[in-house]
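Notes for the structure review
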Amino acid sequence: MSLKAANSGQDLNQSTAVSSKITSCRFTDVEQLTEFLTYSQMEIMQLSCGSFQSEFFATQIGDLYFTRITANQSV
């Protein structure tokens, strides 16, 4: 049995071309992270002592964007 999309007549078993993009970065300095995120117009400052490690992960699927930023120190 084939599933049909509502009001479109398309077979959902057929794959459609969707543009996707994945970006993944790691940082060991808060300044590197700040420079990478220049589009955000934010000032990022490390608030706790210790070595800094951060990861940035973003994916775009069609018109949807998902972003995750983690850090091991308070910023």
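Being a predicted model, the structure only gives us computed values, none of them experimental. (Residues numbered from 1 in each chain as written. Predicted model: local features only at pLDDT ≥ 70, side-chain atom pairs only at ≥ 80, totals over all residues. Heavy atoms only, no water.)

**Side note on the overall build of the protein chain**
Helices and strands together make up the secondary structure of the protein chain, namely one helix and three strands. Starting at the N terminus and walking to the C terminus, you meet the elements of the protein chain as β-α-β-β. Residues classed as buried in the protein chain amount to 19% of the 75 residues present. (Helix = DSSP H or I, 4+ residues; strand = E, 2+ residues; numbered from the N terminus. Buried < 20%, exposed > 50% of the residue type's maximum accessible area, 1.4 Å probe, protein only.)

**Concerning the sheet that holds strand S2 (residues 54-61)**
Across the sheet, which stays open at both edges, the three strands sit in the order S1-S2-S3 with antiparallel pairing between neighbours. Single-partner strands in this sheet number two, and they are strand S1 (20-27) and strand S3 (64-71). Strand-to-strand, the axes of this sheet are offset by a mean angle of 5°, without reference to chain direction. Bridge analysis of S1 against S2 gives eight bridges, and the strand direction is antiparallel. Within S2, the residue paired with Thr23 across the bridge is Ala58. (Pairing = 2+ DSSP bridges. Axes fitted to C-alpha atoms, helices over the stretch in contact; angles between N-to-C directions.)

**With respect to the packing of aromatic side chains**
Here the structure, examined in full by the defined rule, presents two aromatic pairs. The interplanar angle of 50° and the centroid separation of 5.3 Å between the aromatic rings of Phe27 and Phe36 together place this pair among those described as tilted. Its relative accessible area of 31% is what places Phe36 among the partly exposed residues. Between Phe36 and Phe56, the ring centres sit 4.9 Å apart and the planes meet at 70°, which makes this aromatic pair edge-to-face. Remark: Phe56 occurs in strand S2 and Phe36 occurs in helix H1 (residues 30-36); sequence separation between them is 20 residues. The exposure class of Phe56 is buried, given its relative accessible area of 6%. Through pairs of rings, three or more aromatic residues link up here, namely Phe27, Phe36 and Phe56. (Phe/Tyr/Trp six-rings, centres within 6.5 Å; stacked < 30°, edge-to-face > 60°.)

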